[in-house]
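The residues making up each chain are set out below.
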Amino acid sequence: MTPALRDRFERLALRLSELDANLADPQVTSDLKRYRAISREQAEAGAVVALYRRYLQREADLDAGRALLADAAVDPDMAAMAREEIEAAGADLERLDRDLQAALLPRDPDDERNAFLEIRAGTGGDESALFAGDLARMYLRWCERQGWRTEVMSLSDAELGGYKELVLRIEGERVYEKLRFESGGHRVQRVPATEAQGRIHTSACTVAVMPEPDEAEEVQLNPAELRIDTFRASGAGGQHVNKTDSAIRITHLPTGLVAECQDDRSQHRNKAKAMAVLAARLRDKERNERAAREAATRKSLIGSGDRSDRIRTYNFPQGRLTDHRINLTLYKLQQVMDGDLDDVIAALRAARAAEQLAQLETGGAA
């Protein structure tokens, strides 16, 4: 363990003592919001400090074993015990060192949030819309595997199938943390069903994953800056279609961002859904602008998550998926399209963790 990391853990142990004292303060216990925040920090710090203390103990055991083995007068049985202890302590220290470094990785407070997943057809016309439908099916199946709940917030069907645009709300455990690296441009290479010559076409969709803000932290929308339009829902099915002005479109005038919803029969519920999506889009815009400013001084391996970033190619003739950010290539495209995203997401999270560890060891901010 480097001296810099050891110093971090020593400071964290001091911070834990401060948190323990704060939780015994009546002024803190009387403020529920503050008490919860300190309790959460105390639990996280306590778990890391317990690991660090275990590391120090095994470090002392290793030193004791080496000292015993170096003693010329030690008998053979004691020497054998010392060698066993040295081997066991060394293995424990390697494992604890990995665990401690992982525990120090900066945590994005948004990681634990639910998320909005937005898919938009891009270049490629009808084929792009069909691919948007394939991506939606892929994500919905993966969410089902995770035991997450999904809800359609808004959708715009394409004429030949698929979607021009689809927004899903995904609710579950650490949704944003697992899906955050899906934001960006997704490119598909395949022979469209409408292609008579059998030629491979390239088209693209964009995906945006936006954390759902807490109600208390949600972007405050000024009614004077909003234009709210009602219109008749369109699409197949439903007796309310084209009969009632239940669909809602909300435009944020200063930014031009738009959110609409026509999925529900109730105009009131459609408006609430559209407002939630608009707030998430505004918050995401702020995050992206902040990330762009940070990128001026530090380039992230995983990328900014901006829609313009081409992050992945789905090559159907070769059965190949390539994530360009981490040079990951998998020849299991059909399984991925059926919702088996585990290998892709695990590789992206591991790459991000390695990047953060490298920055941690050099004293940089993640």
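You'll find the structure just up there.
Residues numbered from 1 in each chain as written. Predicted model: local features only at pLDDT ≥ 70, side-chain atom pairs only at ≥ 80, totals over all residues. Heavy atoms only, no water.

(A) Representation of the nonpolar core in the model. Counting residues in hydrophobic clusters, the biggest one holds 34 residues, and the most contacted among them are Leu-135, Met-138, Tyr-139, Ile-170, Leu-179, Tyr-314 and Leu-341. Of all the secondary-structure elements, those providing two or more residues to this core are strand S1 (115–121), helix H5 (126–146), strand S3 (163–171), helix H6 (175–179), strand S5 (201–211), strand S11 (328–330), helix H8 (333–337) and helix H9 (342–361). Here this core gets eight residues from one element, more than from any other, and that element is H5. Residues in contact with Ile-170, not counting those within four places in the same chain, are Asn-114, Ala-115, Leu-117, Cys-143, Trp-148, Arg-149, Thr-150, Val-175 and Leu-179. (Core = buried A, V, L, I, M, F, W, Y, C linked by side-chain atoms within 4.5 Å. Buried < 20%, exposed > 50% of the residue type's maximum accessible area, 1.4 Å probe, protein only. Helix = DSSP H or I, 4+ residues; strand = E, 2+ residues; numbered from the N terminus. Contact = heavy atoms within 4.5 Å.)

(B) Region of the structure containing the environment of Gln-189. Of note, Gln-189 is situated in strand S4 (residues 184–190). You can call Gln-189 buried: its relative accessible area is 16%. When the C-alpha positions of Gln-189 and His-201 are compared, they lie 5.7 Å apart, and in sequence the two are 12 residues distant. Filtering out sequence-adjacent residues up to four positions away, Gln-189 remains in contact with Ile-200, His-201, Thr-202, Thr-313, Tyr-314, Asn-315, Phe-316, Pro-317 and Arg-320. A polar side-chain atom of Gln-189 sits 2.8 Å from a polar atom in the side chain of Asn-315. (Polar contact = N/O pair within 3.5 Å; in protein donor to acceptor, adjacent residues only side chain to side chain.)

(C) View of the sheet that holds strand S8 (residues 257–261). Strand order in this open sheet of three strands is S6-S7-S8, and the pairing throughout is antiparallel. The outermost strands of the open sheet, each flanked by one partner alone, are strand S6 (226–231) and S8. If you compare each strand with its neighbour and ignore which way they point, the axes differ by 15 degrees on average. Taken together, the five bridges between strand S7 (residues 247–252) and S8 define a ladder with antiparallel strand orientation. Directly across from Arg-249, in S8, lies its bridge partner Glu-260. (Pairing = 2+ DSSP bridges. Axes fitted to C-alpha atoms, helices over the stretch in contact; angles between N-to-C directions.)

(D) Spotlight on the packing of helix H1 (residues 3–23) against helix H3 (residues 32–70). One can describe the packing of H1 onto H3 by two numbers: an axis separation of 8 Å at closest approach and a directional angle of 135 degrees. Taken together, H1 and H3 sit at an angle that is classed as oblique. Crossing of H1 over H3 shows left-handed handedness. (Parallel < 35°, antiparallel > 145°, perpendicular 65-115°, else oblique. Left-handed = near helix turned anticlockwise from the far one by under 90°.)

(E) Seen up close, the pattern of salt bridges. Per the stated rule, a full pass over the model turns up 37 salt bridges. In this structure, Asp-92 engages Arg-54 in a salt bridge whose closest nitrogen and oxygen atoms are separated by 3.9 Å. With Asp-92 in helix H4 (residues 76–103) and Arg-54 in helix H3, this residue pair connects regions lying 38 residues apart in the sequence. For Asp-92, a relative accessible area of 18% puts it in the buried group. (Salt bridge = Lys/Arg side-chain N within 4 Å of Asp/Glu carboxyl O.)

(F) Spatial organisation of the pairing of S5. The element S5 is extensively covered by neighbouring structure, given that eight of its 11 residues are classed as buried. Summarising the sheet, S1 and S5 pair through seven bridges and their orientation is antiparallel. Note that in S5 the partner of Glu-118 across the bridge is Ala-208. In this structure, S4 lies alongside S5, joined through seven bridges in antiparallel fashion. Note on S5: the bridge partner recorded for Gln-189 is Thr-202.

(G) Looking closely at the packing of aromatic side chains. Under the criterion given, the structure shown has three aromatic pairs. Taking 5.3 Å as the distance between ring centres and 20 degrees as the angle between the ring planes, the aromatic pair formed by Phe-9 and Tyr-52 counts as stacked. Pair noted here: Phe-9 is in helix H1 and Tyr-52 is in helix H3, with a separation of 43 residues, a long-range link. Ring plane angle 70 degrees and centroid distance 5.3 Å describe the contact between Phe-131 and Tyr-314, whose orientation is recorded as edge-to-face. One end of the pair, Phe-131, is in helix H5; the other, Tyr-314, is in strand S9 (residues 310–315), with 183 residues separating them in the sequence. Residue Phe-131 is classed as buried on the basis of its relative accessible area of 0%. (Phe/Tyr/Trp six-rings, centres within 6.5 Å; stacked < 30°, edge-to-face > 60°.)

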